[in-house]
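# Examining the three-dimensional arrangement
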Amino acid sequence: MDDEEYDWRFGAPPDYDLANLAYLSGKTMQHAEGSLEQVVEDLVKTWEFERSHKLDPAKHKTVDQEKFMVGHDGQKMFNNTEANQVGNYNVLLEGVAPDLWAPGQSWHDTHQHLKDAFSAFPWEILKVFSGPPTVAFSWRHWAHFTGTYKGNKGEGQLVEMFGFATATVSDTLQLQEVNIYYKPEEWLEVMQGKRPSSDMSGDCHFYTSEKAGRLADPVDLPITFVYREGAGQDIEWPQIKEDIWEGFTR
């Protein structure tokens, strides 16, 4: 954050003390220094930091400016400028039913909703299944619902979401294409009081919509996800299937 002067979104570099405390106290994995998991986790966190705090997307060092695209579950893919304009939350909630997430919200509004609900919203890598250039990994996002979300007051309960992602990177580890797979409807229903947070805790949410189909060419990443009601899914990667389930159940 100190290597040059940036046009900071909020006028100054961010303070990550609270976020780091929430991450260290709530994470479930301890990745070795220098491991692929630790490298990927740091890359994604730095990307999120740039997206949230650097106003000028041309100064985002974590992305390939010409090739970068990001989207979720077969929805619209956003380039670097578009994604920076609408914000990561709008990108990752694109196409969700309007009764759960109203379309057309501004960057500020979407971030304010979650700031009102959570004091921190940390994220961690669970497992990395393939290395560059196409990195495939599972992840966990969590927070304690201590605030209010659109009129629904939390009781401090733990809200978790789990998912999978693929990230194509350049030789210098700049992100070129990021595809994220998860069920956004579930945690939004928890936030609105339509289902208990226990529905998402410790369960496997390692599936996606049928619309997403195959994630990548089978030569590069031989995985197919088929959406099922409940926790079941078909995974065409038998040698890591036990590892996947281990990563999602505690």
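Below: a short report on this structure. Computed from a predicted model, the values in this text were never measured in an experiment. (Residues numbered from 1 in each chain as written. Predicted model: local features only at pLDDT ≥ 70, side-chain atom pairs only at ≥ 80, totals over all residues. Heavy atoms only, no water.)

## Comments concerning helix H1 (residues 17-26)
So the rule is basically this: Each residue is placed in one exposure class: buried if its accessible area under a 1.4 Å probe, protein chains only, is under 20% of its type's maximum, exposed if it is over 50%, and partly exposed if it falls in between. Put simply, DSSP marks the helices as runs of H or I at least four residues long and the strands as runs of E at least two long, and each gets a number from the N terminus on. Taking the helix axis as origin, the arc is that swept by the directions to the C-beta atoms. Every residue pair with non-hydrogen atoms within 4.5 Å of one another is taken to be in contact.
Those residues of H1 that sit buried are Ala22, Tyr23 and Gly26. Buried residues of H1, viewed axially, fall in a sector of 100 degrees; they line one side. Of the residues in H1, the exposed ones pointing more than 90 degrees away from the buried face are Asp17, Leu21, Leu24 and Ser25. Buried residues along H1 sit against helix H2 (36-53), strand E3 (123-130) and strand E4 (134-145).

## So, the side chain of Gln38
Heads up, the condition is: Under this definition, polar contacts are N or O atom pairs within 3.5 Å; protein pairs additionally need one hydrogen-donor-capable and one acceptor-capable atom, and for neighbouring residues in sequence, both atoms have to be side-chain atoms.
In this fold, Gln38 is placed in helix H2. In terms of polar contacts, Gln38 uses its side chain to reach the backbone amide nitrogen of Gly34, at 3.0 Å. Setting aside chain neighbours within four positions, we find Gln38 in contact with His31, Ala32 and Glu33.

## Quick look at the pairing of E4
Our working definition: Two strands make a pair as long as DSSP finds a minimum of two bridges between them.
With respect to burial, E4 is a largely interior element, eleven of its twelve residues being buried. Direction of pairing for E3 relative to E4: antiparallel, over a ladder of six bridges. The residue of E4 that forms the bridge with Ser130 is Ala136. Here E3 folds back onto E4 in antiparallel fashion, the turn holding three residues. Bridge count for E4 against strand E7 (residues 157-169) is twelve bridges, and the pairing is antiparallel. When the bridges of E7 are listed, Arg140 appears paired with Phe162.

## What to know about unusual backbone geometry
A cis amide bond links Pro132 to the next residue, Pro133, at an omega of 10 degrees. As for its placement among the helices and strands, Pro133 is situated in the loop between E3 and E4. Non-glycine residue Asp73 carries a positive phi angle of around 50 degrees. Looking at where Asp73 falls in the secondary structure, it is placed in the loop between strand E1 (69-72) and strand E2 (78-79). According to the relative accessible area criterion, Asp73 is buried, its value standing at 5%. The phi dihedral of Lys150 is positive, around 50 degrees, even though this residue is not glycine. By the secondary structure assignment, Lys150 is in the loop between strand E5 (148-149) and strand E6 (152-153).

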